[in-house]
Amino acid sequence: MATAEGAEPVHQLTLQVRWGDMDALGHVNNATYFTYFEQARVAWLERLAGSGGHLSPDAGSGPVVVTASCEFRLPITYPATLTVAVLAAPPGRSSIDTCYRLVDAGDQRLYALGAARMVWVDRRSGRSTPLPAGLREALPGAG
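Quick notes on the rules
Residues numbered from 1 in each chain as written. Predicted model: local features only at pLDDT ≥ 70, side-chain atom pairs only at ≥ 80, totals over all residues. Heavy atoms only, no water. Helix = DSSP H or I, 4+ residues; strand = E, 2+ residues; numbered from the N terminus. Buried < 20%, exposed > 50% of the residue type's maximum accessible area, 1.4 Å probe, protein only. Contact = heavy atoms within 4.5 Å. Expected span 1.5 Å × (residues − 1). Polar contact = N/O pair within 3.5 Å; in protein donor to acceptor, adjacent residues only side chain to side chain. Core = buried A, V, L, I, M, F, W, Y, C linked by side-chain atoms within 4.5 Å. Phe/Tyr/Trp six-rings, centres within 6.5 Å; stacked < 30°, edge-to-face > 60°. Salt bridge = Lys/Arg side-chain N within 4 Å of Asp/Glu carboxyl O. Pairing = 2+ DSSP bridges. Axes fitted to C-alpha atoms, helices over the stretch in contact; angles between N-to-C directions.

**Student:** Which parts of the structure should I look at to understand the environment of Tyr 36?
**Tutor:** With respect to the element layout, Tyr 36 can be found in helix H1 (residues 30–49). With relative accessibility at 1%, the residue Tyr 36 sits in the buried group. Note: C-alpha distance between Tyr 36 and Thr 83 (47 residues apart in sequence) is 9.3 Å. Each residue touching Tyr 36, except ones within four places of it in the same chain, is listed here: Leu 15, Val 17, Asp 21, Val 28, Ile 76, Leu 82, Val 84 and Leu 102.

**Student:** Hey, could you run me through H1 in this one?
**Tutor:** Residue pairs three or four apart in sequence face the same way in an α-helix, which turns once every 3.6 residues. Between its first and last C-alpha, H1 extends 30 Å over 20 residues, near the 28 Å set by a 1.5 Å rise per residue. Three or more residues of H1 are buried, namely Thr 32, Tyr 33, Tyr 36, Phe 37, Ala 40, Arg 41, Trp 44 and Leu 45. Each element contacted by the buried residues of H1 is listed here: strand S1 (8–16), strand S2 (61–72), strand S3 (81–88), strand S4 (95–104), strand S5 (110–122) and helix H2 (133–138). Between a side-chain oxygen at the N-terminus of H1 and the backbone nitrogen of Ala 31 the separation is 2.8 Å; the capping residue is Asn 29.

**Student:** Any chance you could explain the nonpolar core here in plain terms?
**Tutor:** A general feature of soluble globular proteins is that nonpolar side chains tend to end up buried together. With 29 residues, the main nonpolar core has Tyr 36, Trp 44, Ile 76, Leu 82, Val 84, Ile 96 and Leu 102 as its most contacted residues. Listed by contribution, the elements that provide at least two residues to this core are S1, H1, S3, S4 and S5. Looking at this core, the element that brings in the most residues is H1, giving six residues. Apart from residues lying up to four places away in sequence, Leu 82 is in contact with Leu 13, Thr 14, Leu 15, Val 17, Tyr 36, Ile 76, Leu 102, Val 103, Ala 105 and Tyr 111.

**Student:** It is not clear to me how the side chain of His 11 should be interpreted in this structure. Could you clarify?
**Tutor:** Note on placement: His 11 falls in strand S1. With relative accessibility at 16%, the residue His 11 sits in the buried group. Residues contacting His 11, with those up to four places away along its chain left out, are Ala 40, Ala 43, Trp 44, Arg 47, Val 84, Ala 85 and Val 86.

**Student:** What am I meant to see in the packing of aromatic side chains here?
**Tutor:** To describe a pair of aromatic rings, you give the distance between the ring centres and the angle between the ring planes. Overall, the coordinates contain four aromatic pairs when judged by the stated rule. Ring centres 6.1 Å apart and planes at 80 degrees place the aromatic pair Phe 34 and Phe 37 in the edge-to-face group. Placement of both Phe 34 and Phe 37 in helix H1 is noted, with a separation of three residues, approximately one turn of the helix.

**Student:** Would you mind going over the pattern of salt bridges with me for this structure?
**Tutor:** Summed over the entire model, instances satisfying the criterion amount to five salt bridges. A salt bridge links Arg 117 to Asp 97; the shortest N-O distance between them is 2.5 Å. Here Arg 117, found in strand S5, pairs with Asp 97, found in strand S4; they are 20 residues apart in sequence, far enough to count as distant.

**Student:** What am I meant to see in the sheet that holds S4 here?
**Tutor:** Backbone hydrogen bonds are what pair the strands of a sheet, in a parallel or an antiparallel way. Pairing in this open sheet of five strands is antiparallel, and the strands run S1-S3-S4-S5-S2 from one edge to the other. If you trace the sheet from one side to the other, it starts and ends with S1 and S2, each paired once. Within the sheet, the average angular offset between the axes of one strand and its neighbour, ignoring direction, is 25 degrees. The pairing of S1 with S3 spans eight bridges and is antiparallel. What sits directly across from His 11, in S3, is Val 86. Packing of H1 onto the sheet brings it into contact with S1, S2, S3, S4 and S5, and relative to S2 it is tilted by some 140 degrees.

The following block contains the structure:
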């Protein structure tokens with residue numbers, strides 16, 4: 001999986017694997033990797049816009065994930081402390097491409113690589129809308 005062209009590190013989140021993240025085979029369920037990416041992405045967006053900002057259901061527009069992928073490298077088992085690095089590419093008119101590196105916080109073993117494209121959507125019409133100016137200015141390569 002290639003990172004998005006021009007993607008730069010923008011955020012990092014450390015989290016603990018919960019016992020409930022595991023499946024019957026004794027490792028973290030594959031769908032949970034996407035939850036880890038989501039936690040890091042939301043933490044990054046909240047840092048940029050504030051928790052009541054563009055992520056609020058009351059905001060006139062906000063992000064929708066339109067594609068998501070994961071390349072699984074190693075199984076994760078409990079207990080573990082993970083670091084999720086978020087990288088973002090220069091934005092499009094209404095979209096942001098993000099990439100993720102999921103590693104062991106201690107020895108930096110690579111568990112997975114991920115990617116997601118977010119499109120900013122007008123919540124009333126359901127159609128794409130330009131990224132908010134303040135958000136665009138905070139993104140790498142937007143200038």
